[in-house]
Amino acid sequence: MANSSKKTSLKAKLLVLSFGITALLGGASLVVVNNLVQRQKTFQLDNFSGIAESLSASVAAQFFERYGDVQAFAINPSIRSNSRQIVTEALNNYAALYLIYDLIMVVDKNGRLVAVNSKEPTGKELNTSALFEKNYSNEEWFKNTLNGKFTEDKEKGFAGTYFQDMHNDPYISEVYKKNEPYTSFNAQVKDEKGNIIGVISNRANSAWVRSAFLDATRIIKSLNYQESDFYLVRKDGMLLTESHIRDGKEAKLESKELKVNLVTEKDNAAIASVSGKSGSLIALDPTDGNQDASGFSPVSGPKFIESIGWSVVVRDSMDEVMADLNQQKRLFYIAFTITTALALVISYFFSTTLAKHLTSLANSLATGSEQVSTAATEISSTSTRLSEAAVEQASAIQETAASID
């Protein structure tokens, strides 16, 4: 009974030792893996921050080009011509060449329309007769441009263009019968002597902004993200234009009226971006309720006027961003579970076998000890008898010696 109890106790100790070592190694592995997952998550968020900054730079570069276009158009001798036909042909050529200016209007100093492109950028004829019936002298874009109140940042070399922020353009609605967000770039038209004779207004659709999204789209695709969103946001939080990737392809979406305000919808990435911050975070997408990895950045740099207050947001579902990593994590947990189970089974059998052998060895040693003890007892008894016999023999010798005497 005692041997059985000792055997059980030894087996339990060995099992606890084996299980403890397995648990310690397993726990250390889990800590390492979780740290790697967190580092990878941070790395992915940093990617979105970098993409947002790249998108910001692309938008700024496009703005710089559009800012200069209208001034280049204004100094074309054809634009200063007294012939409406010549001016109209020049405007049609510009519209067809750039593909983003749906209307290019030349207005004299008194606010009367001199000429406007008579064809769409695609070459289709336009009915612009209604525009000639208007007087533009009270329009903000006309007054500011004529009076030299430009959208400027002279330290960066921006001067001479009045920029009208994204808006639902009434002239586009009049001619094209659609409500879409447009920007306008306006400059003074001067004669050979430098006298102001009118204003030229390039009314650009949102394609020039979306073209800036192409570089960001390429980066996103290189990361194998299939469902990504790109937003351009005004300083009040209004969504100006957007682009999307769906199933790995850029979605061709129709332009929308300016109705969505990401700040009032509590989009944390948009709120951070319009406040002038750049970076990344995990935020709740107000449109679908999913957790998104979001990168954000104000549009800034040497090719943009920061006072305009634009910013960009790039985002994708965390499920997709972390899909590969989560798959690897699941595989690790499966392998870890199987390995741990095998280690515990092996530990159990090893502990059982070792306990059995140790117990058998201990029993053998105990039996040998008992045998040695018994032999020692017998030897001691024999020694006692020999001693008694020797005493008796000595006594007999003494008696014999006495008798002889």
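Since the structure is predicted, the reported quantities are computational estimates derived from the model, not experimental observations.

Some details on the environment of Glu-192
Here Glu-192 is to be found in the loop between strand S4 (181-190) and strand S5 (196-205). The exposure class of Glu-192 is exposed, given its relative accessible area of 69%.

Quick notes on the environment of Trp-310
Locating Trp-310 in the fold gives a position in the loop between strand S10 (291-298) and strand S11 (311-317). By relative accessible area, Trp-310 is classed as buried at 2%. As for Trp-310 and Met-238, which are separated by 72 residues in sequence, their C-alpha atoms are 9.8 Å apart. Polar side-chain contacts of Trp-310 include one of 3.0 Å to the side chain of Asp-165.

Considering unusual backbone geometry
Even without a glycine there, the phi angle at Leu-99 is positive, about 65°. In this fold, Leu-99 is placed in the loop between helix H2 (84-98) and strand S1 (101-108). The phi torsion at Lys-266 lies on the positive side, around 60°, for a residue other than glycine. The topology assignment puts Lys-266 in the loop between strand S8 (249-251) and helix H7 (268-274).

Concerning the sheet that holds strand S2 (residues 113-116)
Across the sheet, which stays open at both edges, the five strands sit in the order S2-S1-S5-S4-S3 with antiparallel pairing between neighbours. The sheet is open, and its two borders are formed by S2 and strand S3 (162-168), each paired with just one other strand. On average, each strand axis in the sheet is inclined to that of its neighbour by 20°, with strand direction left out of account. Taken strand by strand, H2 contacts S1, S2 and S5, and its axis lies near 45° from that of S2.

Brief notes about H2
With 15 residues, H2 extends 21 Å from end C-alpha to end C-alpha; this agrees with the ideal 21 Å at 1.5 Å per step. Considered for burial, the residues of H2 that qualify are Val-87, Thr-88, Ala-90, Leu-91, Asn-92, Tyr-94 and Ala-95. Within two residues after H2, Leu-99 carries a phi angle of roughly 65°, on the positive side.

Side note on the nonpolar core
Among the nonpolar cores identified, the biggest contains 52 residues, and Val-59, Phe-63, Ile-79, Ile-200, Leu-232 and Trp-310 are the most heavily contacted of them. Those residues within four positions of Leu-232 in sequence are excluded, and the remaining contacts are Val-59, Met-166, Val-209, Phe-213, Met-238, Leu-239, Leu-240, Thr-241, Val-299, Trp-310, Ser-311 and Val-312. Judged by nonpolar contacts, the second largest core, of 17 residues, contains Leu-103, Leu-113, Leu-126 and Val-175.

Digging into the pairing of S10
Across the eight residues of S10, seven count as buried, placing the element largely inside the fold. Where strand S9 (residues 279-284) and S10 come together, six bridges link them in antiparallel fashion. Looking at S10, one finds that Gly-279 is bridged to Phe-296. Bridge count between S10 and S11: seven bridges; the pairing is antiparallel. Note on S11: the bridge partner recorded for Asp-292 is Ser-317.

Regarding the pattern of salt bridges
Counted according to the given criterion, the structure contains nine salt bridges. Residue Glu-174 pairs with Lys-134 through a salt bridge whose shortest N-O separation is 3.9 Å. Of the two residues, Glu-174 sits in helix H4 (residues 170-176) while Lys-134 sits in the loop between S2 and helix H3 (140-146), which places them 40 residues apart along the sequence. Linking Asp-169 and Arg-203 is a salt bridge whose minimum nitrogen-to-oxygen distance equals 2.6 Å. In this pair, Asp-169 sits in the loop between S3 and H4 while Arg-203 sits in strand S5, placing the two residues 34 residues apart along the sequence. Accessibility assignment for this pair places Asp-169 and Arg-203 in one class, buried. One network of salt bridges, in which partners are shared, links Asp-267, Asp-292 and Arg-315.

The rules behind these values
- Residues numbered from 1 in each chain as written.
- Predicted model: local features only at pLDDT ≥ 70, side-chain atom pairs only at ≥ 80, totals over all residues.
- Heavy atoms only, no water.
- Helix = DSSP H or I, 4+ residues; strand = E, 2+ residues; numbered from the N terminus.
- Buried < 20%, exposed > 50% of the residue type's maximum accessible area, 1.4 Å probe, protein only.
- Polar contact = N/O pair within 3.5 Å; in protein donor to acceptor, adjacent residues only side chain to side chain.
- Pairing = 2+ DSSP bridges.
- Axes fitted to C-alpha atoms, helices over the stretch in contact; angles between N-to-C directions.
- Contact = heavy atoms within 4.5 Å.
- Expected span 1.5 Å × (residues − 1).
- Core = buried A, V, L, I, M, F, W, Y, C linked by side-chain atoms within 4.5 Å.
- Salt bridge = Lys/Arg side-chain N within 4 Å of Asp/Glu carboxyl O.

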